[in-house]
Amino acid sequence: MERKSVGGYLTIYVALSMAVLISLCLTLIEGGRRNTIRLETECMMDTALSSVLAEYHREMFRQYNLFYIDSSYGSGHPSYYNTEARLRYYLEESVKRKGMPYVSFLFKDMLALEVENVWLNEVVLATDMDGRLFRKRAAEAIWNDSGMETLEQVTDWVRTIQDNGLMERDLEAEKQAVDAQLASYNGRKVELTENEWIVIEIKNPTEHINRMRARGVLSWVLKDGTVLSGQKVDLSQYISSRQKRGKVNRGNGGQEVTLSVLEESLFREYMLRYGGHYCAPKEGSLLQYQVEYVIAGKDKDTDNLRNVALTISGIREVANVIYLNNSKEKSDAADLVAKILAYAIFTPESQPFFKNTLILGWGYLESLYDTKVLLSGGKVPLMKGDEDWHYDLDSFLSIEDVRIDENTGRGMSYEDYLRVLLYLENPDKSAFRFMDLMEMDIRMTFGNESFRMDACVEAIGAEATVNSRYGYIYSIDRKKEYH
């Protein structure tokens, strides 16, 4: 029987090949582990940052449609470490295996991750960059809700005010100067004949207007029975005052922000939308006349309303005087009365002074009427025509009260005049005053008694280090913000 010998070369080949294949597999597994750790860390960081931002201040969103993290988390002690601790919490939750009691028995943890270090390296606050970040976010909040026609109309109104100097002239001072000129004729002797003299005694035809002005604008422009808000606040508690004292928290990141003309206009619309005013007060607010506060900055509702009413009355007064001087009919009527008064006291040279005091007094009385119409919910055009004028010369010379017609008129509403005044205010100052209002109203809600706008975070940048028991260390740096 023939015997065959079998060689061992195949077994050696397989053994050598298996060594190579096993090394390759182990390398691939280890490479997969390393890349999975990197991917897992990135996913964990993104999820943790999103979770931190999801803890936005609910009352801020409810009242003002804005997203911010309150870094005090209702404790009254704002700190970046609070937000950093929340980020660490979410990262650590991501590496835990909860809800799977048999996971360690059935499966081996191929990543074995542990969070080593977490720190915030960038924090951006709502109050940074003199409030420009806040203004930009507020503009974005109503980007799609404001019509371009309104913004263009406001621009036209502002241009009309600037071109006609409606906020530059001090007509009260001008009238005092004219009245002083007339008063200088008192006591003068005028020779009628060679042996006959007369001592001039001038009765100012607008003296009743001077008495009305002395009582203050609010005495005439409110409806009978109106009860004004008596609210008063301590402004030292709020952000604009803390900013002046240098007691405002500041972030350490964010790119420089420049707002476009459109964004600045949208921010003013935002203040009108989310702030109350005399004709439409915001329910539950500490100050009732909020937009008036943004414009005037006083600590009392009545003072803010008085300031705004006086400003609107001043705009209307200048516009009315311009109309009277340009109206041939009314200018001639004033000129005729002035001539009669001047010749009645034998001083024809006083005619221009009589005319000026008549025009100025007439324009002021009409401005009181206009302001009362606005505060009653009516409308008044910026520059009047004949059809918009209310008082004739006879009624002006005898009236000592202001009563409005039922007709609400045409033109601009009280809110439109507020739009114009907001446009003319410094936007940085307006932003911080509006943030005062936000602090006031949010502090009135449960759990927010110590709320601060300079504790509100809108963007965070963080770095974390994650270790694996398999010897890998991975660091990641991420930034996330509200959009």
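Presented here is an overview of the structure given in this document. All values reported here derive from a predicted model rather than from experimental measurement.

This brings us to the environment of Asn304. Along the polypeptide, Asn304 turns up in helix α13 (residues 301–326). Expressed as a C-alpha distance, the spacing of Asn304 and Ile12, which sit 292 residues apart in the sequence, is 98 Å. Once residues lying within four places of it in the same chain are set aside, the contact partners of Asn304 are Glu292, Tyr293, Ala296, Gly297 and Lys298.

With 97 residues, the main nonpolar core has Met60, Phe134 and Phe434 as its most contacted residues. A total of 12 residues in this core trace back to one element, the largest contributor, which is helix α15 (residues 351–375). Those residues within four positions of Phe434 in sequence are excluded, and the remaining contacts are Tyr64, Phe134, Tyr270, Met271, Tyr274, Gly275 and Val294. Ile37, Leu87, Val457 and Tyr472 belong to the second largest nonpolar core, which has 27 residues in total.

Where helix α11 (residues 261–274) contacts helix α18 (residues 427–443), the two axes come as close as 11 Å, and the packing angle between them is 30 degrees. In terms of orientation, α11 and α18 fall into the roughly parallel class. Handedness of the crossing formed by α11 with α18: left-handed. Residue-level inspection shows Glu264, Phe267, Arg268, Tyr270, Met271 and Tyr274 of α11 in contact with α18, the latter providing Pro427, Ser430, Ala431 and Phe434. Of the residues in the contact of α11 with α18, the class split is seven nonpolar, one polar and two charged.

Here we come to the environment of Val466. Mapped onto the fold, Val466 is located in strand β5 (residues 456–468). Among the residues examined, Val466 registers a relative accessible area of 2% and is labelled buried. Each C-alpha atom of the pair Val466 and Ile295 lies 52 Å from the other, and the pair is 171 residues apart in sequence. In this structure, Val466 is in contact with Thr41, Met44, Leu113, Glu114, Tyr472, Ile473 and Tyr474, ignoring residues within four places of it in sequence.

Scanning the model with the defined rule gives 15 aromatic pairs in all. Taking NZ or CZ as reference, Arg213 lies 3.9 Å from the ring centre of Tyr364, over its face.

Now for the pattern of salt bridges. Counted by the stated rule, this structure contains 33 salt bridges. The partner of Glu256 in a salt bridge is Arg132, with the nearest N and O atoms 2.2 Å apart. Taken together, the positions of Glu256 in the loop between α10 (239–244) and α11 and Arg132 in helix α5 (residues 132–141) put the pair 124 residues apart, joining distant regions of the chain. The salt bridge partner of Asp454 is Arg242, with a shortest N-O separation of 2.9 Å. Taken together, the positions of Asp454 in the loop between α18 and β5 and Arg242 in helix α10 put the pair 212 residues apart, joining distant regions of the chain. What makes Arg242 buried here is its relative accessible area of 5%. Three or more residues joined by partner-sharing salt bridges are found here, namely Arg242, Glu439, Arg443, Arg452 and Asp454.

About the thresholds
- Residues numbered from 1 in each chain as written.
- Predicted model: local features only at pLDDT ≥ 70, side-chain atom pairs only at ≥ 80, totals over all residues.
- Heavy atoms only, no water.
- Helix = DSSP H or I, 4+ residues; strand = E, 2+ residues; numbered from the N terminus.
- Contact = heavy atoms within 4.5 Å.
- Core = buried A, V, L, I, M, F, W, Y, C linked by side-chain atoms within 4.5 Å.
- Buried < 20%, exposed > 50% of the residue type's maximum accessible area, 1.4 Å probe, protein only.
- Axes fitted to C-alpha atoms, helices over the stretch in contact; angles between N-to-C directions.
- Parallel < 35°, antiparallel > 145°, perpendicular 65-115°, else oblique.
- Left-handed = near helix turned anticlockwise from the far one by under 90°.
- Nonpolar A, V, L, I, M, F, W, Y, C, P; charged D, E, K, R; others polar.
- Phe/Tyr/Trp six-rings, centres within 6.5 Å; stacked < 30°, edge-to-face > 60°.
- Lys NZ or Arg CZ within 6 Å of the ring centre and 35° of its normal.
- Salt bridge = Lys/Arg side-chain N within 4 Å of Asp/Glu carboxyl O.

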